[in-house]
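# Reading the structure
The chain contents come next:
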Amino acid sequence: MTAEPFAPHAPQPMPTITAATSGLTKVYGSGDTQVVALDQVSITFKEGEFTAIMGPSGCGKSTLMHCAAGLDSPTSGSVRIGTTELSTLNDRRLTQLRRDRIGFIFQAFNLLPTLTALENITLPLTIAGRRPDPQWLERVVAMVGLAGRLGHRPAQLSGGQQQRVAVARALAAQPAIIFGDEPTGNLDSRAGAEVLGFLRDSVRELGQTVVMVTHDPVAAGYADRVVFLSDGQLVDEMTRPTPDRVLDRMKSLDTRSRTS
Amino acid sequence: MLRTALRNILAHKARLVMTVLAVCLGVAFVCGTLVFADSTAAAHRAAASKNFADIAVTVTAKEPPPGSSPDQHTSVLDDALVRKLAAVPGVAAVRPSVDGSAALNAADGTPLRTGKSGSNLAGAYVPDKDGADSRYPLLKGHAPRNSGELALDSGTAEAGHFRIGDSVTLATDGPVMTKRLAGIVSTKDTRVTAGGTLTLFDKATAQKLFATPGHYTAIDLSAAPGTDQFALSRKVAGMLPAERAEATTGAAQANQQAILVDTLTRGYEKLPMVFAGVALFIGSFLIINTFTMLVARRAREIALLRAIGASRRQVAGSILLEALLVGLAASAAGFLLGLGIAAVLPDILSTGATTLPHGPLVIGPRPVAAALVVGVGVTLLAAWLPSRQAAKVAPVEAMRSAAQPPATARPRIRAVVGLVLLVAGAGLLISLTGAKDASEENLRSAMLGCAVLVVALIVLAPLLAAPVIRLTGRLTGGFGIVGRLARENALRDPRRTAATAATLMISTALVTGLAVIGNSTGQALDRQAAAGLGADYVISSRTTMTGIDPAALGRVAGTSGVRTAAAVTDSTMVAGGHVRTISGIDPDSVNAVMKLDFTSGSAKDIGPGRIALSGTVAREHGVRAGGSIDVRMGRSQDLKKYTVVGVYKDNPVAHDALGARSEVAQHSYLPGSVQRLLVRTEGDATSKTLQEQLRTAVGNSPLLKVQDRGELVDEAAGVVSGLLDVMYGMLAIGVVIGALGIVNTLAMSVAERTREIGALRAIGMDRAGIRRMIRLEAATVAAFGTLLGLAGGVFGAWAVGALANGALEQYSLVLPWGTLLLVCLLSLVIGTAAAAVPARRAAALSPLEAVAEG
């Protein structure tokens, strides 16, 4: 992260690369049942940028995110977070890297039911044995609007509130990059819009880097950049997207993948 | 439905294996015990019937009626009668015998197999027409031919390390004798083969020792083929002088012996049966838990079945069917394991002094039926509650999300029921603390109280889980977030945690209770044995039917270093239907050798017609010093009124009553005999050499024990050390089953939480952290069970121990800290070790589980 987390987002002449893949290939199975999920994907995620990964079902967008986030290991190719090459790390190091430099937001929230909202938010820090920065925490909590519900257990919160806790959890450790896996997939449109708003705010106001997998053009409309994946390959990219433009692009992708 | 049940069993193999194991253990103990008991009884009975196989009728002398003339006391069983009986038509052979008992010293000078009374047989080797005694076939050497020779059976000779030609030291009642081993015989007498000894003398010597010269103690007749035993018996009885001898058939004797043997061996069943009961009781919690978890896990599946039209009855039925199949499998496995247990039990239960006869395993219908009833019955019974739960699953739950169904406990009802039971159990036990004795009624209420208390703890356990685990959480809190998560996970489903902990709770409670009572009793016995004894050495005969050689008395008193040697005659007295032990003492010397604590009166007034009573006896008969009591002493036939001159606090050295030695000895079974010598040394010194000198002074007689104070105390504690073995056995069973339960619950809980564990891995908890979390969860559950059990056990022991107050003057609650600590550590360590497999499985989960579908 930067030394100035509170600095307002301003256009930078040479944005740093937060994460990058090059020649990333993931193959499942072998022989007749072999499926190529990712085929030579090279992509970079710049600091302070909100990227959405889109594509039809089975295009490999989730696999791309899992590999980029160090949850899954690629068959070949390289993944870097900052300057760290993930393939050189053992499980313990990789776990530490996820803990210290990556934040996650899952479709199913994945909060620990036995912990309160606040405890869930600080969990990655607690696991690392670090004390949360109180000012930062206050700011994050205020941003996602959970100040009154910190003592609640996940079961006492609505889906939208739970996902807001998850967003706060991802932000709390001030990671280099946050990965979201269909973060609005389990939410109604209003709650989804809230969560996406927070993610965008975190990029704009806090300078956070966010990568999100989604199949919802409306969600993609919140991003700075949308990349399109089809059959495991990067096929297109769009900056300053709007839902309509994304939808059009998706439609053409759908037709192409059907006719090909 | 059968197919569904079978499929479900196959789908949940691993989970059910634990259940099968638990039931199997219990069934194995039950079957093993029954097969063992049947086999042992069969071996005894077979041997017993062989013994009497060719004895048609036995003629024995009758006890002369009281007040009869002296000539009636001489036996009528002489050679003349033997010849007369031999001439009776139908009699094939006549074998007169002279039976008595003899205690032997082994080659190394220690008493040989003298531990059990009635098993040191002695008799005469009476050659028949062929010159041999067919009852005792000679294996080696020759039959005893004169008073300097004897024969032993092969088992005795082997155990005593004797060879032909060795000299054997023995005693029949008084003085020690030494004879040469002339021959080794074999015998089928079960009293000998089951761990006794057999000594054979020549006829004249045996008659001199056990009867009168020329007379026998019994005459066995064998019948010619085709002769009816009962007809022969009646014919023989007609020839015998009336009132002087009687005839019994061999069949009747065989029956009698078999009944006796049965009563003796029945005790062997008890201990393994206790283990079986404990194993099944604890195991049933494991079964309940497994099926409850399976039902919870399958709630959606069951709801789907309900939604597509299965009735409640069908759903419950399919669960019970599953239980039936599991129970059948467990019964079969348990039965086989039980056969193994039955095969090794004789070796385990045989200690140096007593050996059980070995025979083929007898598998009767009893153990087979028991295996089925116990295995299937317990499983079905335990699965009944979960099956009811399954029936309650609403069809709509099929539509709900995968979220865990919250435990819909009714804590208020539970609390009320639990507290009522707790108060009832505790109240029952506390009401006993005022009890004066361990009467049957009090013991029964104590058992009931303990049982109610255990049930109360089981009912309350889910409610106690939260506070107790919060408390232990203080300890696991030191492990940071991992400890915190472990604690919260244990608290997530208090009912499941409580059921898992219940097995450990019960075993810990049992063991703690037994350990505390055993320790307290042991210490009380120690104190009592030491407190009542003023003497430094006690020389005592092994039975009241034998005495100390009068000549030895003078030799002991004359041993250098001995200050006082007080003789005590032990006999019995019957008062108000109770048989008591009375010690005949000399009022002048008694205070030097016994520490008597008189609550009223004193020992110096004891004399003919004047006795002192122990506190318990005085209380039971409602007499006080100065009162009187009707007593029939020893062999005397008439009740006589005795003045009670004193009451002393219960004292194991003084027994139930004290009387003048001259009077007690006059009525004792061996008139004039002495059973104990209490020795006070110069300056109360004790030493190995002095003990050796005393042993020599009594001729190193195998009939006598020479013990110092410490040995006497150890002997009193013998009962208690047996209790300790039982205790550790139960702890082992309980802990093993408890561990199975923990493995089961954790495996299930890990399976339910894969997504959560995956998320933890994704956001940065490493494998070691996950493993530690699961292990701490196991430790938390184990600690909960152990703590609850410890509390219940100590309370129970405190309350039940109060019963001992009446019986044991010196009883007070003494906590065996070492043992208790050991119990806690063992439960915790095994509980935590049980988590190894689930912990490894959890740690192996990929962080991708967090994003997996479903």
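Everything that follows concerns the structure shown earlier in this document.
So, how was this worked out
Residues numbered from 1 in each chain as written. Chains lettered and ligands numbered in written order. Predicted model: local features only at pLDDT ≥ 70, side-chain atom pairs only at ≥ 80, totals over all residues. Helix = DSSP H or I, 4+ residues; strand = E, 2+ residues; numbered from the N terminus. Buried ≥ 20, exposed ≤ 12 C-beta atoms within 10 Å, placed from the backbone. Contact = placed C-beta atoms within 7 Å. Pairing = 2+ DSSP bridges. Axes fitted to C-alpha atoms, helices over the stretch in contact; angles between N-to-C directions. Nonpolar A, V, L, I, M, F, W, Y, C, P; charged D, E, K, R; others polar. Core = buried A, V, L, I, M, F, W, Y, C linked by C-beta atoms within 7 Å. Expected span 1.5 Å × (residues − 1). Parallel < 35°, antiparallel > 145°, perpendicular 65-115°, else oblique. Left-handed = near helix turned anticlockwise from the far one by under 90°.

Further remarks concern the overall build of chain B. Across its full length, chain B carries 25 helices and 23 strands. Looking at chain B residue by residue over its 854 residues, the buried ones come to 48%. In chain B, the share of contacts with a sequence separation of at least 24, taken over all contacts with a separation of at least 6, comes to 85%.

With that out of the way, let us pick up the overall build of chain A. Per the secondary structure count, chain A includes eight helices and 10 strands. Per-residue burial for chain A yields a buried fraction of 48% across its 260 residues. Excluding contacts between residues fewer than 6 apart, the proportion of contacts in chain A whose partners are at least 24 apart in sequence is 71%.

Let us now look at the sheet that holds strand β1 (residues 57-61) of chain B. Residue and element names in this part refer to chain B. Strands sit in the order β2-β12-β1-β13 across an open sheet of four strands; the sheet is antiparallel. Two strands bound the open sheet, and with one partner strand each, they are β2 (91-97) and β13 (245-249). Averaged over all adjacent pairs, the angle separating strand axes in this sheet is 20°, with direction ignored. Inspection of the sheet shows β2 paired to strand β12 (residues 218-223) by six bridges, in the antiparallel sense. Along β12, the bridge assignment pairs A93 with S222. Helix α3 (residues 79-86) rests against β1, β2 and β12 of the sheet, and its axis sits at about 165° to β2. Contacts between helix α7 (residues 229-239) and the sheet are confined to β1, β12 and β13, with β13 contributing the most and set at about 175° to the helix.

With that out of the way, let us pick up the pairing of strand β6 (residues 120-125) of chain B. Residue and element names in this part refer to chain B. Buried residues dominate β6, accounting for six of its six residues. Bridging between strand β3 (residues 100-101) and β6 involves two bridges; their strand directions are antiparallel. Each bridged residue has a counterpart across the sheet, and for G100 the counterpart in β6 is A122.

For I458 of chain B, the location among the structural elements is in helix α13 (residues 440-476). C-alpha separation for the pair I458 of chain B and A498 of chain B, spaced 40 residues apart in sequence, amounts to 7.6 Å.

Attention now moves to the interface of chain A and chain B. It is common to report an interface's size as the accessible area lost on association of the parts. Facing 22 residues of chain A, the contacting portion of chain B comprises 20 residues. When residues of the side of chain A that touches chain B are assigned to their parent elements, the largest contribution, six residues, is made by helix α2 (residues 91-101) of chain A. Broken down by class, the residue content of the side of chain A that touches chain B amounts to 10 nonpolar, six polar and six charged.

Bringing unusual backbone geometry into the picture now. In this structure, N110 of chain A takes a positive phi of about 50° despite not being glycine. Mapped onto the fold, N110 of chain A is located in the loop between β6 (102-105) and α3 (117-128). In this structure, H655 of chain B takes a positive phi of about 65° despite not being glycine. Relative to the helices and strands, H655 of chain B is located in the loop between β20 (640-648) and β21 (657-660). Under the C-beta neighbour-count criterion, H655 of chain B is labelled buried, with 20 such atoms within 10 Å.

Below, the discussion takes up the nonpolar core. In this structure, V167, A168 and L199 of chain A together with V27 of chain B are the most contacted members of the largest nonpolar core, which totals 204 residues. Excluding residues that lie within four positions of it along the chain, L199 of chain A makes contacts with F50, V167, G180, V210, M212 and Y222 of chain A.

Under the 1.5 Å per step criterion, the end-to-end length of helix α24 (residues 817-833) of chain B is 24 Å for 17 residues, consistent within 8% with the ideal 24 Å. Residues T819, V823, S827, I830, G831 and T832 of chain B constitute the buried set of α24 of chain B.

For the rest of this paragraph, the subject is the pairing of strand β9 (residues 167-171) of chain B. Residues and elements named next belong to chain B. In terms of burial, β9 is largely enclosed, as four of its five residues are buried. When strand β4 (residues 103-105) meets β9, the two strands line up antiparallel, connected through two bridges. Along β9, the bridge assignment pairs A103 with A171. When β9 meets strand β10 (residues 176-185), the two strands line up antiparallel, connected through five bridges. Each residue of the ladder has a partner; that of V168, found in β10, is K179.

Below, the discussion takes up the packing of α3 of chain A against helix α5 (residues 159-172) of chain A. Residues and elements named next belong to chain A. Two numbers describe how α3 lies on α5: the axes approach to 7 Å, and their chain directions differ by 30°. Relative to α5, the element α3 is oriented roughly parallel. α5 is crossed by α3, and the crossing has right-handed handedness. Of the residues in α5, those touching α3 at A117, N120, I121, T122, L123, P124 and L125 are V165, A168, R169 and A172. When grouped by side-chain class, the residues that make up the contact of α3 with α5 number eight nonpolar, two polar and one charged.

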